[in-house]
Amino acid sequence: MAESKPKLVLAYSGGLDTSVILKWLCEKGFEVIAFCANVGQHEEDFSAVKAKAVAVGATKCIVTDLRKEFVTDYVFDCIKSNAIYEGRYLLGTSIARPCIAKEMIRIATEEGASYIAHGATGKGNDQVRFEMCAQALSPTIQCVAPWRDAEFIESFKGRSDLLAYCEKHGIPVDAKPKANYSVDENLFHTSYESGQLEDAACGPDESMFKMTVSPQRAPDTSETVVIEFNKGIPVKITNKTDGTVKTDPLEIFLYCNMIAGKHGIGRIDIVENRFVGIKSRGVYETPGGTLLRAAHMDLEGICMDREVKRITEGLSNEFARLCYYGFWFAPEMELIRHSLDFSQRDVIGHVEIELYKGNCIIKGRSSPKALYNADLASMDIEGGGDAFDYNPADAQGFIRINAVRLKTYAALRAKDN
Amino acid sequence: MAESKPKLVLAYSGGLDTSVILKWLCEKGFEVIAFCANVGQHEEDFSAVKAKAVAVGATKCIVTDLRKEFVTDYVFDCIKSNAIYEGRYLLGTSIARPCIAKEMIRIATEEGASYIAHGATGKGNDQVRFEMCAQALSPTIQCVAPWRDAEFIESFKGRSDLLAYCEKHGIPVDAKPKANYSVDENLFHTSYESGQLEDAACGPDESMFKMTVSPQRAPETSETVVIEFNKGIPVKITNKTDGTVKTDPLEIFLYCNMIAGKHGIGRIDIVENRFVGIKSRGVYETPGGTLLRAAHMDLEGICMDREVKRITEGLSNEFARLCYYGFWFAPEMELIRHSLDFSQRDVIGHVEIELYKGTCIIKGRSSPKALYNADLASMDIEGGGDAFDYNPADAQGFIRINAVRLKTYAALRAKDN
């Protein structure tokens, strides 16, 4: 009886790298189960990917449509936290990895596989994200990363080596010439890096973008949407201009992408810090995420207490970093998501936003949980109106007590001088 | 010999409120020295303000041009810290108060005045900012805030009472009808609140804005600028489209305002949390500040270490809060500004930005202090190129050590289930 081969689940995209890796892993003696996650890649032919995986040597190829879960369990957590890395990056690739890794581990467990593998390089963030998420979900899983394997690296020094291997093993290759940059995509964003983008002084070509038009090419007429939130997540979007309404989570998000992308919203070009200590230049399009973040932040202005906001801003920074580094399934991330959910209890209401040539222009907001009270705020009404007995005279005591510490310090500094 | 009256320095704007206050303070027995700060208010006739102050009853009126100091000692600190309050507000009114208060105290000391006064209400932030800054600089100064005085409030219940008082005392009144909102302006921003803006559900009228055109009305053709920074502050701006160059701090900043305002950049509409515990709705235009913040953040991406960035992000949040609340001259703010300056040592380089209809589009950046290295970043070069011996195999150990903690926790959670 033939000794059974060790089973391995490979994150397979159908592309050149992971096809070579699939074959190489088979040659190394693994029984490879290919897994392709549908996280909203644009125009992907998943049945073709499935067929190719099996043709190359996988014993089976599983394609799972993870789009809805990706939105409800990952994207919406980003929205709730207003997550942003280093002030600009909306975490589009980072939040897909835990979603993908979770399904990989589910498959590995079901199939009795002790190994998982991926096509991420030894220089990037994704190797860390895949493997830390996998190990957090399955402490005994073994991770195989061919791009960190000395023999693999030696065999495949460049694209031509990969192509030669495909020719040798009869692996079909996409005839399209490779763009001079790398793309990662899902329904939340598209990311572009490497190749010509490594020159941080030069802007990208317009032809590169997939999810957004440039602001210049966006329509000359704006559109206005109203986004309704409940407990911090979008539950309805209404296009005031043409009457479209969406209430399903995935449909809401895809609609946000479509309408924001149409109006040139959500592009960034940055140099960021990878977790492995390297700076890299990336260009990203996150149309729906940009729109929803602007709306959510605006709504918190009217619904969220000031000190809760202060604390959640700190949690948001942590969330972004942990997500970016790959600590999605870590205990500290559990705590943060738990706290953020609690903070969102009263983030309920509507925000009206006009979309125009790259701009999200807030037009107004309302909430049944508003802590905003026009009478209390008004400089023309001396007290708090009917709701409160705000006494302006109290401000004197408030100011003087806050200043005690400053006066003590000033007196000391005066003595020094 | 007549007993000499107590001397008081009043922050005087020439408007209705502070003119009534000036007269009222004279009637209360003060010798009032009026002070009007030129912090870049648009189209203000300072000599008319001066004349009016004296006509109303001030023994003298001092006008100080603080614009250059406002830019070099306040605005540029905001730029260095990327300061932003509650994710949207760029602190335009907040940073002017310490600049104004500092000059008020200088005058008070010079003139032997024991009192200062202002026209800020008992519900807002400015009363706190003026008075805490003043007390931090001069521990024995006494602050008079007529809008917190019970008698004053009783006498002036609305605009008509103020006008009647002016009529009675021969105080000239601006014939222009009052807009249905309040405006505060300086060279950094214009702020709009109150009146019709108290309805948080309704957007403002286009006619209100002073420093920016709407994105819709901005030019159809973009312009591109290159901003050069040294130690975190802008030292040169070059307009690539028409060749304009500025190198003086104040001129650079005014040019940034002009060019960004021309292209509709820098408007926000928010509900924010005042320090006195009240939420208020404000609309702001910060054109030059928005442009410079985008440029500065981009440059830090290429020049600033990842963990330094993490720490300075925290300092930036503190800076924004402390500035907003009025703690500019507090010891903790000294520490933060000192730390931020240290962090900016290597923030040196150029950023190229295209300005188009409300958006700042980063085109590229370069720096002699770049920590970004294309070879090190490149997925096509296995190691670090010439500069480093980056070994991708090290990533395995890095990942596994980071995952130890996650695996321990996962095993515990598995036992619970």
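Predicted, not measured: the structure shown is a model, and the values here were computed from it.

1. Brief notes about the overall build of chain B
Step number 1: Summing up its helical and strand segments, chain B has 13 helices and 14 strands in all.
Step number 2: Dimensions along the principal axes, computed over C-alpha positions, put chain B at roughly 90 × 60 × 45 Å.
Step number 3: Relative to all contacts within chain B whose residues are 6 or more apart in sequence, the contacts with residues 24 or more apart total 69%.
Step number 4: Surface summary for chain B: the accessible area is close to 16,500 Å², and the carbon and sulfur share equals 52%.
Step number 5: A distance of 2 Å separates the average location of the 49 positive side-chain charges in chain B from that of its 58 negative side-chain charges.

2. As for unusual backbone geometry
All names here are of chain A.
Step number 1: One non-glycine residue, Glu-86, adopts positive backbone phi at about 50 degrees.
Step number 2: Positionally, Glu-86 belongs in the loop between helix H3 (67–81) and helix H4 (96–111).
Step number 3: The phi dihedral of Ser-194 is positive, around 70 degrees, even though this residue is not glycine.
Step number 4: Residue placement: Ser-194 occurs in the loop between strand E7 (190–193) and strand E8 (223–230).

3. Focus on the interface of chain B and chain A
Step number 1: Counting from both sides, the interface comprises 100 residues of chain B and, opposite them, 100 residues of chain A.
Step number 2: Per-residue buried area on chain B facing chain A is highest for B:Lys123, B:Lys279 and B:Arg306; these three make up 9% of the total on that side.
Step number 3: The interface formed by chain B and chain A includes 6 salt bridges.
Step number 4: In this structure, A:Arg405 engages B:Glu332 in a salt bridge whose closest nitrogen and oxygen atoms are separated by 2.8 Å.
Step number 5: Per element, the largest residue contribution to the side of chain B that touches chain A is 14 residues, and it comes from helix H13 (residues 394–416) of chain B.
Step number 6: Residues belonging to the side of chain B that touches chain A are distributed by class as follows: 46 nonpolar, 22 polar and 32 charged.

4. Looking at the sheet that holds strand E13 (residues 349–356) of chain A
All names here are of chain A.
Step number 1: The strand order across the open sheet built from 5 strands is E10-E9-E8-E13-E14, with neighbouring strands paired in antiparallel fashion. Each end of this open sheet is capped by a strand with a single partner; those strands are strand E10 (245–246) and strand E14 (359–366).
Step number 2: Judged from the 7 bridges that link them, E13 and E14 form a sheet pairing that is antiparallel. From the neighbouring strand, Ile-353 faces E14, where its bridge partner is Ile-362.
Step number 3: Across the sheet, helix H9 (residues 287–303) is in contact with E8, strand E9 (233–239), E13 and E14; its angle to E13 comes to roughly 140 degrees.

5. Comments concerning the packing of H3(A) against helix H8 (residues 249–262) of chain A
All names here are of chain A.
Step number 1: For the pair H3 and H8, interaxial distance at closest approach is 9 Å and the crossing angle is 75 degrees. Viewed along their axes, H3 and H8 adopt a mutual orientation that is roughly perpendicular. Mapping the contact onto sequence places Arg-67, Lys-68, Val-71, Thr-72, Val-75 and Phe-76 in H3 and Pro-249, Leu-250, Phe-253 and Leu-254 in H8.

Cut-offs applied
- Residues numbered from 1 in each chain as written.
- Chains lettered and ligands numbered in written order.
- Predicted model: local features only at pLDDT ≥ 70, side-chain atom pairs only at ≥ 80, totals over all residues.
- Heavy atoms only, no water.
- Helix = DSSP H or I, 4+ residues; strand = E, 2+ residues; numbered from the N terminus.
- Contact = heavy atoms within 4.5 Å.
- Areas by Shrake-Rupley, 256 points an atom, 1.4 Å probe, with all protein chains shown as cover.
- Lys, Arg positive; Asp, Glu negative; His and termini not counted.
- Charge placed at Lys NZ, Arg CZ, Asp CG, Glu CD.
- Buried area = accessible area lost by both parts, 1.4 Å probe.
- Salt bridge = Lys/Arg side-chain N within 4 Å of Asp/Glu carboxyl O.
- Nonpolar A, V, L, I, M, F, W, Y, C, P; charged D, E, K, R; others polar.
- Pairing = 2+ DSSP bridges.
- Axes fitted to C-alpha atoms, helices over the stretch in contact; angles between N-to-C directions.
- Parallel < 35°, antiparallel > 145°, perpendicular 65-115°, else oblique.

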